[in-house]
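Residues per chain are reported as follows:
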Amino acid sequence: DMKEFWCALGAERDGVLRLRHLDPRSDELMQGFRNTLSEKYGNMLNAWQTAFDPQNRSLIDEAAFVKQCTEDGIEGDLVQLFHDLLDDPLKINKYKKMSLRDFDLAAYQALARMDTDMIVEAQKTEKANPMEMSFDERQDNMFSVKWTRAQSKVMRKEMAERVQQENEADVGCETLQTLKSMLIKKYKNLAIAWKVALDPMGQGHLSKEDWYNAVRNRVGFHGDLRQLWSEAAKPGAGHISLYDLDPQAVQVLWDFRAFLLEAYGDIMTAWHQGLDPRKRGKIEEDDFAKRLKDMGYEDDIKKLWQLLLAEPHRKYIVLRDIDAKAADAYFRGDDKALTLYGTKSGPQASPGKWTGKLLSPKGEDDEECPGTPSGSPKTLALPGTPSKGRPGSSSSVASRAPSNQSVARSTAGDDEAVYRPTRIAIWSEELGARKRQGAEMRLKQEMDLQVGPKCLDDYRRQLVNGSGSLAGAWRYRMDEECTGRMSFMQFVMAIDRTGGYSGSVKQLWAEFSNEKDEVTYQDLDPDGFELLQAFGVWIIDNYETFKGFWKSIEKYKDEQLEEGEFVDRCFENGLEGISKREMKRIFKMLLPEPSTGRTKLIQPDLKVLSIALPLDVKLAMRKTSTEKTMAPERSNGTEKTEKEEARESPTSASPKSPLRPPSPASPVSPTTPRSPSRVKCSPELPVISVEEFRRTLKRLYGSVHAGWVKYLDVTEVGRVPKGEFVNRARSIGVTGQVAALFAELDVDKKGFITLQDLDPEVSKITKQFFSCVQETYGTIEEAWRKAFDVTKRKVVGKKEFAKGREAIGFEG
């Protein structure tokens with residue numbers, strides 16, 4: 001019967017079955033074991049960590065367990081207790097070791113949740129009456145407060161262990177002595193360490209904050225910064241220098257500086273004359289040692305070299321390593337150090353904050369300042385009283401600065417004034433002299449760069465070098481509009497296009513024009529003008545046009561002729577009166593500019609000959625060209641347009657017309673007209689008729705109305721004043737008396753012309769056309785969209801225009 005068995009075990013009274021009901025002896029032994037350890041260590045977890053497993057191995061064997069229990073005063077069969085605590089019988093034979101879980105399950109669970117004080121277990125057993133406790137006791141007895149404190153304790157312990165581990169792993173310096181040792185090991189000496197690691201900005205001294213930042217971040221000091229400052233700096237000092245770390249190194253540098261000052265008067269002169277006379281900007285160790293021995297330096301040169309180096313592995317020193325302020329003065333142009341004399345850290349003063357100070361002379365009874373080394377110079381030069389006459393000192397330049405002077409009262413009496421120029425005054429005068437010298441040098445350089453021509457012969461040579469010949473220069477650069485003549489303003493603009501002129505342009509013009517209002521190619525090159533004129537007249541007399549001459553010498557279409565071929569074929573065609581040498585010159589004059597790279601002639605190159613042809617020859621050539629271009633159309637119906645003929649022939653106007661088409665090299669744009677050539681009218685020039693002008697507009701633009709709209713009346717105001725008409729007429733090739741043409745058109749003397757004056761018939765037709773448009777559709781845009789451009793192609797053909805004309809009712 002299970003109930004009887006339960007009652008027989010004695011569990012009925014407690015309601016639960018315990019170990020004492022089964023094995024009272026083992027239960028008594030375990031209770032004594034736990035009570036003893038809890039009283040001695042506070043809890044079982046602390047007992048395990050402190051006594052049984054202090055090395056944190058997580059396991060203990062039977063011998064260690066029995067030994068520790070004996071030391072703690074636990075009585076009974078300890079071996080049996082060890083076996084009873086093991087939860088797995090197999091461990092007895094296999095491992096024979098105990099873990100914390102076997103030792104105490106509650107302690108094992110507390111360790112898992114980081115409850116080192118086992119507060120949870122204590123809360124289960126310790127239940128005090130809150131009515132018997134004070135407020136503070138109740139607060140302290142709260143579980144949340146206990147738990148928070150326990151967790152904080154664990155975190156502090158872990159943090160302390162982590163810090164201890166970091167400190168044990170850290171091998172950095174912690175004292176002043178170890179700091180110096182580490183700097184010497186890394187940088188060879190403290191002077192280099194000061195310049196590289198501690199004071200890289202070159203201030204010469206460090207404040208407390210800068211010192212802390214340097215040794216902590218750039219050096220890696222991990223000790224007490226306050227203690228380090230108190231050991232390194234002087235008591236009550238607000239800064240620290242190299243003198244506080246290594247006085248011996250500072251003494252060596254100080255003695256070397258005093259040696260240079262005594263020998264040369266200032267550091268900059270000592271560097272340029274004694275140490276670096278070859279002006280290399282740097283000096284190596286061997287050269288440095290040799291020069292110091294020659295100067296009589298008797299101290300340890302190798303040690304001085306190591307102290308002057310800016311970096312541990314550098315093989316040379318520069319002026320900045322000896323005196324940074326002297327280097328700054330040199331690089332800003334003060335090679336005499338006029339801006340540094342008399343200061344505390346200039347080339348003629350002591351090494352400043354980190355090397356001590358030298359007193360300036362006050363009189364005969366000068367005293368050495370504390371800390372000044374024996375044997376060093378006791379007085380140095382002050383402004384106005386240099387120690388020795390040297391280049392650049394006030395004694396050598398005092399005579400050059402009489403205007404900038406300072407007054408210094410002498411000790412003999414207050415009424416006696418001694419005038420001496422200050423070094424700032426000398427420096428100001430030096431800057432002024434340098435500025436004047438620089439301005440003169442720049443002016444001289446600008447004048448040297450102006451290697452252009454300064455007379456007419458030089459200008460001609462420049463034209464030949466740039467364009468190959470004077471004829472090519474006139475045709476392609478100077479007279480771009482091919483008017484045959486040039487005014488003064490056009491000549492000035494042509495100078496800019498031909499490379500400039502360094503002399504007087506007015507004087508060049510006077511020499512060029514011989515007091516004329518205009519110049520021609522004949523004024524520029526009389527010999528070349530005669531050659532081109534003779535050759536051109538021969539061509540016109542024998543072939544009537546340049547095209548006819550070219551066809552007679554070319555063997556196949558679009559042939560390009562070299563110099564020898566051109567000369568030989570000209571003589572084969574019966575050329576007389578011109579030598580072969582002159583023909584070679586003519587060939588070079590006909591060639592385009594060298595920049596094109598072409599060395600052979602083509603037919604358009606013959607147009608250069610037109611600049612030397614007489615006026616009557618030009619008119620006869622135009623007449624012949626016009627007749628030849630119109631004859632095929634009347635005879636066999638050739639569909640060659642007037643524009644194509646204008647491109648093929650150098651002239652295409654009527655025989656009496658002085659008009660010619662625009663140059664192929666620079667076609668006339670309807671919207672952007674070329675700059676007009678203001679040719680002064682002369683009675684010798686022919687007067688162009690109105691009919692010839694209309695034919696010109698038809699040839700260039702297709703119709704008189706198109707020429708009026710696209711080129712003459714570009715502002716669309718319906719009228720063109722006289723000045724604008726003259727300029728635009730000349731721009732399209734009119735070389736005659738354009739003013740007389742305007743007077744013939746402006747019958748009413750209005751000062752402007754309209755389309756009615758230019759062509760009354762065309763004006764009447766256009767007015768009728770636009771009147772029909774307005775009556776039918778109201779606006780031109782509406783008529784274009786509905787009557788003409790029906791297909792929305794934005795262009796209309798002849799048939800479409802005819803249909804649109806019928807739509808608007810125009811019968812003209």
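What counts as what
- Residues numbered from 1 in each chain as written.
- Predicted model: local features only at pLDDT ≥ 70, side-chain atom pairs only at ≥ 80, totals over all residues.
- Heavy atoms only, no water.
- Buried < 20%, exposed > 50% of the residue type's maximum accessible area, 1.4 Å probe, protein only.
- Helix = DSSP H or I, 4+ residues; strand = E, 2+ residues; numbered from the N terminus.
- Arc of directions from axis to C-beta.
- Contact = heavy atoms within 4.5 Å.
- Polar contact = N/O pair within 3.5 Å; in protein donor to acceptor, adjacent residues only side chain to side chain.
- Core = buried A, V, L, I, M, F, W, Y, C linked by side-chain atoms within 4.5 Å.
- Axes fitted to C-alpha atoms, helices over the stretch in contact; angles between N-to-C directions.
- Parallel < 35°, antiparallel > 145°, perpendicular 65-115°, else oblique.
- Left-handed = near helix turned anticlockwise from the far one by under 90°.
- Nonpolar A, V, L, I, M, F, W, Y, C, P; charged D, E, K, R; others polar.
- Salt bridge = Lys/Arg side-chain N within 4 Å of Asp/Glu carboxyl O.
- Phe/Tyr/Trp six-rings, centres within 6.5 Å; stacked < 30°, edge-to-face > 60°.
- Lys NZ or Arg CZ within 6 Å of the ring centre and 35° of its normal.
- Expected span 1.5 Å × (residues − 1).
- pLDDT = per-residue confidence, 0-100.

### A look at helix 22 (residues 301-308)
Move 1: All of the buried residues along helix 22 are Ile-301, Leu-304, Trp-305, Leu-307 and Leu-308. Projected down its long axis, helix 22 carries its buried residues within an arc of 165°, all on one side.
Move 2: On the buried face of helix 22, the contacting elements are helix 15 (190-198), helix 19 (247-264), strand 5 (283-284), helix 21 (285-295), strand 6 (316-317) and helix 23 (319-322).
Move 3: You can read the cap of helix 22 off the contacts: a side-chain oxygen lies 3.2 Å from the backbone nitrogen of Lys-302, and it is on Asp-300.

### What to know about the nonpolar core
Move 1: Counting residues in each nonpolar core, the largest one holds 53 residues, and the members touching the most others are Leu-179, Leu-198, Trp-211, Leu-245, Phe-256, Phe-288 and Leu-304.
Move 2: In this structure Leu-198 touches Leu-183, Ala-193, Leu-206, Trp-211, Ala-214, Val-215, Arg-218, Val-219 and Leu-245, once residues within four positions along its chain are discounted.
Move 3: Ranked by size, the runner-up nonpolar core spans 51 residues in total, among them Leu-456, Leu-524, Leu-561 and Phe-587.

### Structural notes on the packing of helix 40 (residues 722-731) against helix 41 (residues 738-745)
Move 1: The N-to-C vectors of helix 40 and helix 41 enclose an angle of 125°; their axes lie 10 Å apart at closest approach. Judged by the angle between their axes, helix 40 and helix 41 are oblique. Crossing of helix 40 over helix 41 shows right-handed handedness. Residue-level contacts link Lys-722, Phe-725, Val-726, Ala-729 and Arg-730 of helix 40 to Val-738, Ala-739, Leu-741, Phe-742 and Leu-745 of helix 41.
Move 2: Of the residues in the contact of helix 40 with helix 41, the class split is 8 nonpolar, no polar and 2 charged.

### So, unusual backbone geometry
Move 1: A positive phi angle, close to 60°, is found at Asn-56, a residue other than glycine.
Move 2: Position of Asn-56 among the secondary structure elements: in the loop between helix 5 (44-52) and strand 1 (59-61).
Move 3: Overall, Asn-56 belongs to the exposed group, its relative accessible area being 63%.

### Let's talk about the packing of helix 6 (residues 62-71) against helix 7 (residues 78-85)
Move 1: With their axes 10 Å apart at the nearest point, helix 6 and helix 7 run at an angle of 120° to one another. Taken together, the axes of helix 6 and helix 7 lie oblique to each other. For the element pair helix 6 and helix 7, the recorded crossing hand is right-handed. Between helix 6 and helix 7, the contacting residues are Glu-62, Phe-65, Val-66, Cys-69 and Thr-70 on the first element and Leu-78, Val-79, Leu-81, Phe-82, His-83 and Leu-85 on the second.
Move 2: Classifying every residue of the contact of helix 6 with helix 7 gives 8 nonpolar, 2 polar and 1 charged.

### Focus on the environment of Ala-64
Move 1: Counting through the fold element by element, Ala-64 comes out in helix 6.
Move 2: Exposure remark for Ala-64: the relative accessible area of 34% places this residue in the partly exposed category.
Move 3: Along the chain, Ala-64 and Asp-53 lie 11 residues apart, while their C-alpha atoms are 9.3 Å from each other.

### Topic: the pattern of salt bridges
Move 1: Applying the stated criterion across every chain yields a total of 23 salt bridges.
Move 2: The salt bridge partner of Asp-287 is Arg-278, with a shortest N-O separation of 3.2 Å.
Move 3: Its salt-bridge partner being Lys-786, residue Glu-782 comes within 2.4 Å of it at the nearest N-O pair. Note that Glu-782 and Lys-786 are positioned in helix 44 (residues 780-788) at a spacing of 4 residues, about one turn of the helix.
Move 4: Within this structure, Arg-278, Asp-287 and Arg-291 form a network of salt bridges that share partners.

### Structural notes on the packing of aromatic side chains
Each aromatic ring pair is summarised here by two numbers: the centre-to-centre distance and the angle between the ring planes.
Move 1: Taken as a whole and judged by the stated rule, the model has 35 aromatic pairs.
Move 2: When the ring of Phe-535 is compared with that of Phe-566, the centres are 6.1 Å apart and the planes differ by 70°; the resulting orientation is edge-to-face. Residue Phe-535 is found in helix 32 (residues 526-543), and its partner Phe-566 is found in helix 34 (residues 563-572); the two are separated by 31 residues along the sequence. Side by side, Phe-535 and Phe-566 carry an identical accessibility label, which is buried.
Move 3: Plain terms: the ring middles of Trp-538 and Tyr-543 are 5.8 Å apart, the flat faces sit at 70° to each other, and that makes the pair edge-to-face. Here the two residues Trp-538 and Tyr-543 agree in accessibility, since each one is buried.
Move 4: Positioned over the ring face of Tyr-316 is Lys-282, at 4.9 Å from the centre of the ring.
Move 5: In this structure, Lys-750 is placed above the aromatic ring of Phe-752, and the distance from its NZ or CZ to the ring centre is 5.5 Å.

### A look at helix 27 (residues 456-467)
Because the α-helix completes a turn every 3.6 residues, residues three or four places apart line up on one side.
Move 1: Compared with an ideal rise of 1.5 Å per residue, which puts 12 residues at 16 Å, helix 27 spans 16 Å between its outermost C-alpha atoms and is within 8% of the ideal.
Move 2: Within helix 27, the full set of buried residues consists of Leu-456, Tyr-459, Gln-462, Leu-463 and Ser-467. Along the long axis of helix 27, the arc covered by the buried residues comes to 115°, so they all point the same way.
Move 3: Next to the buried residues of helix 27 lie helix 28 (470-478), helix 29 (488-497), helix 30 (505-513) and helix 31 (521-524).
Move 4: The positive-phi residue at the C-terminal boundary of helix 27 is Gly-468, with phi of around 95°.

### Let's talk about the confidence of the model for the chain
Move 1: Put simply, the chain has an average pLDDT of 75, and 76% of its residues get 70 or more.
Move 2: Scored below 50 in pLDDT, residues 342-419 shows 146 contacts in the model against residues more than four places distant or in partner chains.
Move 3: For residues 632-685, every residue scores under 50 in pLDDT, and the model assigns this stretch 123 contacts once sequence neighbours within four places are set aside.

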